[in-house]
Amino acid sequence: VRRRLTLLLAGAVCAAVVSPVLRAPEHDSFPLSTYPMFAFARSRVEPVSTAVAIDRAGHEHFLTPELVARTDEPVQAVATVDRAVSGGTADRLCREIARRVARARPGTATIEIVTAEWDSVRFFEGDRRPRARTVHARCPAR
Amino acid sequence: VPGAVITRAFFAPAPAERPAVLRVLTGGFAVVWMLARLPELLRLADRSPVGFDPVGVLGGLDAPVAPVAVRALVGVTFALGIAYTLGWRFRATGPLFALALLLLTTYRSSWGHVLHTDDLLVLHVAVLGVTRSADAWSLDAAAGRTRRPPPETGYGWPPRLMAAVLAATYLLAGIAKLRLSGFDWLDGEALRNHVAYDNLRKVVAGSPSSPLGREAVAHAWPFAAMAWFGLAVELAAPLALLHHAARRAWAAAAWAFHAGVLAMMAITFAYPLSGVAFAPLFPVERLTGAVRRTLRGRWRSPRPEPCASPSPAESPG
């Protein structure tokens, strides 16, 4: 009886772990997942949303994930900007980032929330110009 | 008959030291992981609600939890992690640590992107936390607070369940590639674009990217080989449950796969790279003998005399 019960429980654990296979393959969760992160076809030209700092001379600088979203994870910083853009809260996020940047980088004049499209392969071959660039929010760094 | 074979293999006897060593390894890894990530974990309390996207058991939340609760969860999880590793009051601290680690890592993944570097650790701790993994090498055992398990189940099945979970997660990742990209995945173009995009995303997010990955994306040819290798490792994971030679080969290949991901994308899957993720595949209790012999040698062996000539038995040749 004890063996049967243990087998039943172990079977339930294994079934739970493989159960995401019954869902749409792109569905992601934690800790049970289909692990779709690198599974889908990705094209060379894709949009990336992020926040940039414009200094007083007009030069653009990328910001760290810590300044953008209080995280070490670049992928979560980009996801936070994505959510702000799609959820209509880019202005709010811009002001939050501006407060952090004003303390950390005093020479910064403006923060922009942008979505830019690059050819990611050509980017590393030296062509760093974005194919398209949309500014969703702009705010002074203070 | 296959059912009887599986049952016999699943309940094959193992010493109490096997799940105990796995408990010490997973707990030790989790405690070090939390220490290394402490600033990041504490910053979870201050994140903007703009990015909150709860997943898993926290899917019902509609806003981030209070900062004080997040900081308390970090502290409690750390304390429970130490208790779990030491095997102290394990009947309570084992399940509680599994639950606290699940909550903490789920909360960490609830910000727009699931961090799959933590899944397997959480699942392994969940298995060990609710089974008899503190009947040896623990403060409970030293204090006589353990009982022998029923002989019909024994100590062998929790490590085997961990191994099955390990294999299942890799298999699922392989199946996802076939479902989402089909066999086109194997031409390497999708992998090349993933490596390029991931490194580009790191650059624009102001983070360190992989120098090797940045150089490699200029060439198409290595990516087909890497795609074949990665998919083969993932789909072959169940073979690691069948035979000890396959186990060693698969674990080495899977470790190399993660080393490749680190080199090409600067993504650290620390749990498999540390080797702890693959420990349930092996009779890890032998480590305790090695540790004992090493400690005995350190503490009891007289120091060799300076410039002493080797005895005939130690002489080479």
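This structure is a prediction, so every number in the text was calculated from the model and none was measured.

**Student:** Explain the packing of aromatic side chains to me, please; I cannot follow it from the model alone.
**Tutor:** Each pair of aromatic rings is reported with the distance of its centres and the angle of its planes. Per the counting criterion, the structure on display carries 12 aromatic pairs over all chains. Relative to F11 of chain B, the ring of F10 of chain B lies with its centre 5.2 Å away and its plane at 75°, an arrangement referred to as edge-to-face. For F10 of chain B, a relative accessible area of 13% translates into the label buried. Members of the aromatic cluster, each reached through a chain of ring pairs, are W118, F123 and F124 of chain A.

**Student:** I keep staring at the sheet that holds strand 4 (residues 132–140) of chain A and nothing clicks. Help me out?
**Tutor:** Strand pairing within a sheet occurs via backbone hydrogen bonds; the two strands may be parallel or antiparallel. Residues and elements named next belong to chain A. Read across the open sheet, the 4 strands follow the order 2-1-3-4; overall the sheet is antiparallel. A single partner strand is all that each edge strand has here, and the edge strands are strand 2 (60–62) and strand 4. In this sheet, adjacent strand axes meet at a mean angle of 30° when their direction is disregarded. Across the sheet, helix 3 (residues 74–86) is in contact with strand 1 (45–55), strand 3 (108–119) and strand 4; its angle to strand 1 comes to roughly 95°.

**Student:** Quick question: what am I supposed to make of the interface of chain A and chain B here?
**Tutor:** By a widely used convention, the size of an interface equals the accessible area lost when the partners come together. Residue-level contacts link 65 residues of chain A with 70 residues of chain B. Interface area for chain A against chain B, summed over the two sides, is near 6,300 Å², with a carbon-plus-sulfur share of 68%. The largest per-residue losses of area from chain A upon contact with chain B belong to F30, F38 and F124 of chain A, which jointly make up 14% of the total buried on that side. The tally of links between chain A and chain B comes to 6 salt bridges. Between D53 of chain B and R83 of chain A there is a salt bridge, and its shortest N-O distance comes to 3.5 Å. Run the count over chain A and chain B and you get 24 residue pairs in polar contact (both at pLDDT 80 or more).

Definitions and limits used
Per chain, the residues get numbers from 1 upward, laid out in the order the sequence is written. Lettering of chains starts at A and numbering of ligands starts at 1, both following the order in which they are written. Side-chain atom pairs in this predicted model are given and counted only at pLDDT of 80 or more, local residue features only at pLDDT of at least 70, and totals for whole chains, interfaces and linings cover all residues. Values reported for side chains reflect all heavy atoms of the structure, with hydrogen atoms and water molecules removed beforehand. Pairing of aromatic rings covers Phe, Tyr and Trp, the last through its six-membered ring, and needs centres within 6.5 Å; plane angles under 30 degrees mean stacked, over 60 mean edge-to-face, and all others mean tilted. Remark: exposure states derive from per-residue accessible area (1.4 Å probe, protein chains only) relative to the maximum for the residue type, with buried under 20%, exposed over 50%, and partly exposed in between. Here, strands pair whenever DSSP counts at least two bridges between them. Strands are runs of DSSP state E lasting at least two residues, helices are runs of H or I lasting at least four, and both sets are numbered from the N terminus onward. Only the contacting stretch of a helix is used when fitting its axis, a line to C-alpha atoms as for every element, and angles between N-to-C directions run 0 to 180 degrees. What makes two residues a contact is simply this: any of their non-hydrogen atoms within 4.5 Å. Accessible area that two parts lose when put together, with a 1.4 Å probe and added across both, is what the buried area reports. Should a side-chain nitrogen of Lys or Arg be within 4 Å of a carboxyl oxygen of Asp or Glu, the pair is scored as a salt bridge. Identification of polar contacts relies on pairs of N or O atoms within 3.5 Å, with a donor-acceptor requirement for protein atoms, meaning one able to donate a hydrogen and the other able to accept it, and with residues adjacent in sequence counted only if both atoms are side-chain atoms.

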